[in-house]
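Descriptive structure summary
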Amino acid sequence: MGGFCLVNARNHSAISRSSRRHRSGTGRNTSGCPRQYPQAPEAPVTPTPATPSRHASFCLNGKPVGIGNADPNRTLLEALRDAGLTGAKEGCNEGDCGACAVVVSLPDADGIPRWRSVNSCILPLAAMAGREVRTVEGLAMDRPDPAPDRSESRECPASLHPIQSALVRHHGSQCGYCTPGIVMSLVEACHRRDLATEEDLAEQLAGNLCRCTGYRSIRAAAIEALEAARRGCGLVPAPAPSSLPLVAPEAPDGGFFHPEDLRSLFAIRERFPAARWVAGGTDLGPEITRKFHRFEALVSLEHVRELAELRATPDAWHIGAAVPLTVLAERLAGELPEVDAMIRGFGSRQIRNRATLGGNLATASPVACAATLLLAMDARLVLASATGERVVGIDEFFTGYRTTVLRPD
Ligand SMILES: Cc1cc2nc3c(=O)[nH]c(=O)nc-3n(C[C@H](O)[C@H](O)[C@H](O)COP(=O)(O)OP(=O)(O)OC[C@H]3O[C@@H](n4cnc5c(N)ncnc54)[C@H](O)[C@@H]3O)c2cc1C
Ligand code: FES
Ligand code: FES
């Protein structure tokens, strides 16, 4: 096997290839949200009015929503429920149960936007700046457009999304607490190209815990919904990122930042030395929601071009520290079966859609999955800061329990 080069960073690396972020191809309406969606019948109550030129916004069920001066610790779930969108539930509040799942349009390994299910309870609201988020309340919009005849046909009843009607037909819901999350997880399933077997389906739902219905009826409904999706029922492709600005709320002492390259990342680090970096937020989110840690400044890595790099050279894979595990699995497409196996066993689909290798290594947790595998593969890490770059072997990276050679600069 060829060498394996992981590009990791606290103060990050300098790979130069441009980002795969998909920025083109979808028309815009005047709000900045993608035009291809019919507008929701009613505007959701917004946490704060959007002022796209000065404040961060995201598209919620097709409408722009201002993030305003949101506390960087505020979660997407809190904002949704405060806005009256109570379909997403708070179950565990730490990313385990999937009751809070919504879908977000995120680029796949080819840069094509896809609906990905994520746990809104551990996702900082401000991390959604510029993204398109769909909740269970927004599913009515997911009608083929224009195809009124089809949406009213027997195969695609008009009143419910095909996933919802399949759950009704198969008695796939009892108390209903988990149901919106299961529905949103299945929305992602309907859009996946790589979901082929019942095992894949079980894996898709592994992060959605139901304590009362039993999974047999949910699985039967899911299979029916996937068949309907193959006929095109309820399918609307995920839109490209909105043209809403990435500007994020900022206060004198901090806020939430969205640098788009390493230079800006290092500049923010210099201004706010105590700022914490956040990639997928699957470790950091529970620090907020379960340990009640309050961060003054958070810096998102997910738009940093260099950290989204993912490419192969003849003797190595170069993996950006902020590449989500789902994207990594798609890109490797089985070429490194050991990595595939590690990713398949990692958390749940919702976690893998956000979690990164960089975040996994930086926690230096003894229970983190990636380190053992990367040690076996003899990976090298490229660590970069404003002052330069270092390459270290993975065997030199960890210095003790939750400590690494990463430097604060
Ligand atoms: C329900 C659940 C299930 C999970 N299951 C697993 C599992 O099966 N296996 C496993 O190993 N882990 C698991 N985790 C933990 C977590 O998902 C992983 O550690 C994940 O890889 C973290 O990546 P992230 O991008 O979300 O990190 P974040 O939460 O964004 O960041 C984690 C920490 O790393 C720092 N950081 C992030 N990126 C960088 C970077 N590039 N350079 C320097 N510092 C950085 C952040 O400041 C933060 O301190 C689970 C978590 C949850 C909530
Ligand atoms: S509430 Fe359990 S995963 Fe979010
Ligand atoms: S229907 Fe009650 S938890 Fe699933």
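All figures in this text were calculated on a predicted structure; none of them were measured in a lab.

**Focus: the overall build of the protein**
Scanning the protein for helices and strands turns up 14 helices and 16 strands. Taking the intrachain contacts of the protein between residues at least 6 apart in sequence as the baseline, contacts between residues at least 24 apart amount to 67%. Counting every atom, the protein has about 17300 Å² of accessible surface; 52% of that belongs to carbon and sulfur.

**What about the side chain of N73?**
With respect to the secondary-structure elements, N73 resides in the loop between β3 (63-66) and α1 (76-82). Side-chain polar atoms of N73 contact the backbone nitrogen of F295, separated by 2.7 Å. The contacts of N73, once residues within four sequence positions are left out, are E78, I288, H293, R294 and F295.

**Points about the pairing of strand β14 (residues 388-393)**
As paired strands, strand β13 (residues 380-385) and β14 are joined by 6 bridges and run antiparallel to one another. Opposite S385, over in β14, you have G388 as the bridge partner. If you look at the hairpin formed by β13 and β14, you'll find 2 residues sitting between the two strands.

**Comments concerning the nonpolar core**
In terms of nonpolar packing, the biggest core is built from 62 residues, with F58, I67, L76, V133, L328 and V339 touching the most fellow members. If you count residues domain by domain, this core takes at least three from each of domain 1 (3-16 + 309-404) and domain 2 (57-140 + 239-300). The next biggest cluster of nonpolar side chains, apart from the first, holds 27 residues, and it includes W115, C178, V187 and L226.

**Structural notes on the packing of helix α3 (residues 162-169) against helix α6 (residues 215-230)**
With their axes 8 Å apart at the nearest point, α3 and α6 run at an angle of 145° to one another. Along this stretch, α3 crosses α6, giving a crossing that reads as right-handed. Residues P162, I163, A166, L167 and R169 of α3 form the contact with α6, whose participating residues are I218, A221, E224, A225 and A228. Along the lines of polarity and charge, the residues of the contact of α3 with α6 split into 8 nonpolar, no polar and 2 charged.

**So, the confidence of the model for the protein**
Averaged over every residue, the pLDDT of the protein is 83; residues scoring 70 or more account for 78%. For residues 1-29, every residue scores under 50 in pLDDT, and the model assigns this stretch 123 contacts once sequence neighbours within four places are set aside. Note on residues 145-153: pLDDT under 50 across the span, and 11 contacts to partners over four residues away in sequence or across chains.

**Topic: the pairing of strand β11 (residues 310-313)**
Relative to strand β12 (residues 316-319), β11 runs antiparallel, the two being bridged by 4 bridges. Considered in β12, the bridge of R311 is made with H318. Counted along the chain from β11 to the antiparallel partner β12, the turn is 2 residues long.

**Here's the deal with the packing of aromatic side chains**
According to the stated counting rule, one finds 2 aromatic pairs in the structure shown. Seen from their ring centres, F257 and F272 are 5.1 Å apart, and the 35° between their planes marks the pair as tilted. Of this pair, F257 sits in strand β8 (residues 254-257) while F272 sits in the loop between α7 (262-271) and β9 (276-278), placing them 15 residues apart in sequence. Among the residues examined, F272 registers a relative accessible area of 8% and is labelled buried. With 5.0 Å between their ring centres and 80° between their planes, F397 and F398 make a pair best called edge-to-face.

Calculation notes
- Residues numbered from 1 in each chain as written.
- Chains lettered and ligands numbered in written order.
- Predicted model: local features only at pLDDT ≥ 70, side-chain atom pairs only at ≥ 80, totals over all residues.
- Heavy atoms only, no water.
- Helix = DSSP H or I, 4+ residues; strand = E, 2+ residues; numbered from the N terminus.
- Contact = heavy atoms within 4.5 Å.
- Areas by Shrake-Rupley, 256 points an atom, 1.4 Å probe, with all protein chains shown as cover.
- Polar contact = N/O pair within 3.5 Å; in protein donor to acceptor, adjacent residues only side chain to side chain.
- Pairing = 2+ DSSP bridges.
- Core = buried A, V, L, I, M, F, W, Y, C linked by side-chain atoms within 4.5 Å.
- Buried < 20%, exposed > 50% of the residue type's maximum accessible area, 1.4 Å probe, protein only.
- Domains from an automatic or database assignment.
- Axes fitted to C-alpha atoms, helices over the stretch in contact; angles between N-to-C directions.
- Left-handed = near helix turned anticlockwise from the far one by under 90°.
- Nonpolar A, V, L, I, M, F, W, Y, C, P; charged D, E, K, R; others polar.
- pLDDT = per-residue confidence, 0-100.
- Phe/Tyr/Trp six-rings, centres within 6.5 Å; stacked < 30°, edge-to-face > 60°.

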